[in-house]
Amino acid sequence: MAEPLGDWTRTHTCGALRADDVGVESVLLGWVHRIRDLGGVTFIDIRDREGVTQVVVRENEALMNAAKRLRSEHVVGVKGVVQRRSDDTVNTKLATGEVELLVRELRTLNEARTPPFQIAEDSPVSEEVRLKYRYLDLRRPRLQYNIGLRHRVTMAVRRFFDANGFWEIETPILAKSTPEGARDFLVPSRIHPGEFYALPQSPQIFKQILMISGMDRYFQIVRCFRDEDQRADRQLEFTQIDVEMSFARPDTVYGVIEPLMQQIFKEIGRDVTVPIRRMPYAEAIARYGSDKPDLRFGLAIADVSDVFRDADYRVFKEIVAGGGVVRGFAVPGGNRYTGSQIKALVDQAKQMGLAGLMWVRPGEPPVSAVKGLNEATLQRALAQADARRDDLLVMAAGAADGTSKLLGQLRLVIAKKENLVPADSYALLWVTEFPLLEYHEEDGRWYSMHHPFTSPLDEDLDRLESDPGSVRAKAYDLVLNGSEIGGGSIRIHDARLQARLFRRLGISDEEARVRFGFFLEALEYGTPPHGGIALGVDRIVATLAGESSIREVIAFPKTANALDLMAGAPSPVDARQLRELHLKPQG
Ligand code: ASP
């Protein structure tokens, strides 16, 4: 077969030509985006990754006939001369819209079957079809932009870390089970019958060992694997910006990650103000009912327990007397709600699990859901919650965390419904001092909230045995618009404290030795204080791209049901492969 390109070399991409290029001879290579055959003249839009250029075929009959045979998505080369478009055909929406290429030669480099959906238009296509024909979906402008943005972000990350003395170091994919608390993917060993590698849930242990190894500052843009039941918008494999540094305190980590976020946001032309706001976990829960508060809008929860401690409202009074709280927030503009709108709100709150929702309309005098409450009480509650004249104060009572969490959910629902989330805005936040441990009722045990290598806060350490639930950790999450985009901690660098923590977690010395023995031993050979973080690339890029699903920023994602619809994975393997791996075929 003849070389399809002949001696042609691309001179410009399809996004390059401008008015300055008029008169230039150009070779464009790309896909037929659209064709308009107007009889004596045919316009073809040719597309590549960089854009679309209009080319014109006219007069020459052989060329006209060749053009007639073209269909959408055929791959073509055109050689011609750049000319200015006539005034009435200038397309200001297109970067190349002032010019067109008058074709002298046209080569069909390949034909294409009729695609199952339009590439040129953003016509609605089912997710299933998009994923099956991912290569076609990826040709569409939206995904071309997203994948390009992802590239720019990861390159910015690499430049940043390089400039700041971090080394990119690869860690194994065939590894030993790591302790992030999810289920491992296991890979059977052919050479060692009955033994398995685990795909890393994160490079946690390796990166800590790199600090013991004196590598000082490490980063990696790394794939991690967690065999979790697919919750909304999770992937079995996902990408992290993984970071670890020696001689670090939490503020050392913030001091690196904040300018990194500035660099990343520059890719979409946005500024990030540093320092990024910090909020202890306890405050996040109390004031926003969430460990990842969305701070693009207010509606902060206020504690008004004091107001009701002695007030004439038995329900609240008893709850406060019993150690509970009364909390609430002001709904901006809620004063104009009609009775039935308020009722809908109360019903919604109950559906979400709140026992009830008490409300107060500001005014002279204020009006409340509970008749007979005196005006001074209502005014105090309004003032304490910072409710303004136009607002509606809503309140609920019960156990502190539970009440705040439910109010936090209500806060999100109201913000969405009332359009209180400013479009195109970004709110970053550090949530700090997470609890070290959480208690699981099911098996009556304490578990690490982050992972078992997280350092407790020094001032809380003496309560590790006596009151484990109250011990805070040197752990932090980075939150963007109400999503967790990263998390990390300062690690335990003292082998004895690490052993003590394992005991607290009910991990026997024997189990610790089997699972992490190599690591515990390494800790004893001069471990510097160290800490780090991992940031989720998929979520960050999705947010920057304005996408709600991370699937839109991953070239080859799996479905919510863990399938690769394009390649057809997972798939059965033949019996011979199984035998080699010392696995028995099922059934
Ligand atoms: N390994 C942790 C994670 O993947 C992050 C960290 O502690 O650096 O969540």
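Not measured: the values here are computed from a predicted model.

Chemist: How should the nonpolar core be read in this particular structure?
Modeler: Most often, soluble globular proteins keep nonpolar side chains buried together rather than apart. In terms of nonpolar packing, the biggest core is built from 40 residues, with Phe161, Ile257, Met261, Ile264, Leu428 and Leu478 touching the most fellow members. Among the elements that line this core, the one with the most residues is helix 6 (residues 250-266), at eight residues. Counting residues in hydrophobic clusters, the runner-up holds 34 residues, among them Met279, Leu501, Ile507 and Leu520.

Chemist: Any chance you could explain a nonpolar patch on the surface here in plain terms?
Modeler: Where nonpolar side chains cluster on the molecular surface, the patch consists of Tyr135, Phe556 and Met566 and spans about 310 Å² of accessible area. Considering the arrangement of structural elements, one finds phenylalanine 556 in the loop between helix 15 (537-545) and helix 16 (575-580).

Chemist: Explanation requested: empty space enclosed by the protein in the structure shown.
Modeler: Take a probe with the size of a water molecule and roll it over the atoms, and the empty space left behind shows itself. Counted according to the given criterion, the structure contains one cavity of 30 Å³ or more. Taken as a whole, the largest cavity encloses approximately 40 Å³ of empty space. Lining the largest cavity we find Leu131, Arg134, Phe556, Pro557, Asp564, Leu565 and Met566. Of the residues that constitute the lining of the largest cavity, the class distribution is five nonpolar, no polar and two charged.

Chemist: What am I meant to see in the packing of aromatic side chains here?
Modeler: The geometry of two aromatic rings is summed up by the distance between their centres and the angle between their planes. Overall, the coordinates contain 16 aromatic pairs when judged by the stated rule. Geometrically, the ring pair formed by tyrosine 254 and tyrosine 476 is edge-to-face, given 5.4 Å between the ring centres and 80 degrees between the ring planes. With tyrosine 254 in helix 6 and tyrosine 476 in strand 20 (residues 475-480), the pair connects residues that are 222 residues apart, well separated along the chain. With respect to burial, tyrosine 254 and tyrosine 476 carry one shared label: buried. Seen from their ring centres, phenylalanine 265 and tyrosine 426 are 5.2 Å apart, and the 75 degrees between their planes marks the pair as edge-to-face. With a gap of 161 residues between them, phenylalanine 265 in helix 6 and tyrosine 426 in the loop between helix 12 (400-417) and strand 17 (428-432) connect regions that are remote in the sequence. Overall, the relative accessible area of 1% leaves phenylalanine 265 in the buried class. Ring pairs connect the aromatic residues Phe160, Phe161, Phe166 and Phe219, which therefore count as one cluster.

Chemist: I tried to follow the environment of glutamate 98 on my own but got confused; where do I start?
Modeler: Checked against the element boundaries, glutamate 98 lands in the loop between strand 4 (75-84) and strand 5 (99-110). Once the C-alpha coordinates of glutamate 98 and arginine 152 are considered, the two residues, 54 residues apart in sequence, prove to be 28 Å apart. In this structure glutamate 98 touches Ala19, Gln83, Arg84, Arg85 and Val90, once residues within four positions along its chain are discounted.

Chemist: I keep staring at the pairing of strand 18 (residues 437-440) and nothing clicks. Help me out?
Modeler: When a strand is regular, its side chains alternate between the sheet's two faces. Direction of pairing for strand 18 relative to strand 19 (residues 445-448): antiparallel, over a ladder of four bridges. Residue pairing in the sheet places tyrosine 439 in a bridge with tryptophan 446 of strand 19. Counting the residues between successive antiparallel strands, the hairpin from strand 18 to strand 19 contains four residues, one of them, glycine 444, with a positive phi of roughly 60 degrees.

Chemist: In this structure, what is going on with the site of the ligand? I would like to understand it.
Modeler: Taken together, 14 residues form the shell around the ligand, and within it Glu180, Gln204, Lys207, His450 and Arg491 come nearest. Within the side chain of glutamine 240, a nitrogen or oxygen atom sits 3.1 Å from an oxygen atom of the ligand. With respect to the ligand, the side chain of histidine 450 contributes an N or O atom lying 2.9 Å from an oxygen atom. Relative to its unbound accessible area of 270 Å², the ligand is 92% covered by the protein chains. Only helix 5 (204-212), strand 21 (483-490) and strand 22 (530-536) provide two or more residues apiece to the shell around the ligand.

Chemist: What should I look at first to understand the sheet that holds strand 5 in this one?
Modeler: Spatially, five strands are ordered 1-2-3-5-4 in a closed barrel, and the strand pairing comes out mixed. Recorded for the sheet is a direction-independent mean angle of 55 degrees between the axes of neighbouring strands. Where strand 2 (residues 41-48) meets strand 3 (residues 51-58), eight bridges bridge the pair, whose relative direction is antiparallel. Bridge pairing in strand 3 places threonine 42 opposite valine 57.

Chemist: Help me understand the packing of helix 7 (residues 281-288) against helix 12, please; the structure alone is not making it clear to me.
Modeler: At a minimum axis separation of 7 Å, helix 7 and helix 12 run at an interaxial angle of 60 degrees. Here helix 7 is positioned oblique relative to helix 12, judged by the angle of their axes. The residues of helix 12 that touch helix 7, namely those facing Ile285, Ala286 and Tyr288, are Asp401, Ser404, Lys405, Gly408 and Arg411. Across the contact of helix 7 with helix 12, the residue classes break down as three nonpolar, two polar and three charged.

Chemist: Help me understand the sheet that holds strand 10 (residues 237-246) in this model?
Modeler: Two modes of strand pairing occur in sheets, parallel and antiparallel, and in both the strands are linked by backbone hydrogen bonds. An order of 6-9-10-22-21-20-17-11 is seen for the eight strands of this open sheet, with the pairing classed as mixed. Across the chains shown, the open sheet's two edge strands, defined by having one partner strand only, are strand 6 (167-168) and strand 11 (278-280). Note: strand 10 against strand 22, seven bridges, orientation antiparallel. Along strand 22, the bridge assignment pairs isoleucine 241 with leucine 535. Sheet strands touched by helix 5: strand 9 (217-225), strand 10 and strand 22. Its angle to strand 10, the strand with the most contacts, is close to 20 degrees.

Cut-offs and rules
- Residues numbered from 1 in each chain as written.
- Predicted model: local features only at pLDDT ≥ 70, side-chain atom pairs only at ≥ 80, totals over all residues.
- Heavy atoms only, no water.
- Core = buried A, V, L, I, M, F, W, Y, C linked by side-chain atoms within 4.5 Å.
- Buried < 20%, exposed > 50% of the residue type's maximum accessible area, 1.4 Å probe, protein only.
- Helix = DSSP H or I, 4+ residues; strand = E, 2+ residues; numbered from the N terminus.
- Patch = residues over 30% accessible without salt bridge, like charges linked within 9 Å, V, L, I, M, F, W, Y side chains within 5 Å.
- Areas by Shrake-Rupley, 256 points an atom, 1.4 Å probe, with all protein chains shown as cover.
- Salt bridge = Lys/Arg side-chain N within 4 Å of Asp/Glu carboxyl O.
- 1 Å grid on protein atoms, 1.4 Å probe; cavity = no way out; pocket = protein on both sides within 12 Å on 5 of 7 lines; lining within 4 Å.
- Points joined across faces, edges and corners; volume = space filled by probe spheres on them.
- Nonpolar A, V, L, I, M, F, W, Y, C, P; charged D, E, K, R; others polar.
- Phe/Tyr/Trp six-rings, centres within 6.5 Å; stacked < 30°, edge-to-face > 60°.
- Contact = heavy atoms within 4.5 Å.
- Pairing = 2+ DSSP bridges.
- Near = heavy atom within 4 Å.
- Polar contact = N/O pair within 3.5 Å; in protein donor to acceptor, adjacent residues only side chain to side chain.
- Axes fitted to C-alpha atoms, helices over the stretch in contact; angles between N-to-C directions.
- Parallel < 35°, antiparallel > 145°, perpendicular 65-115°, else oblique.

Nothing here speaks to function; it is all geometry.
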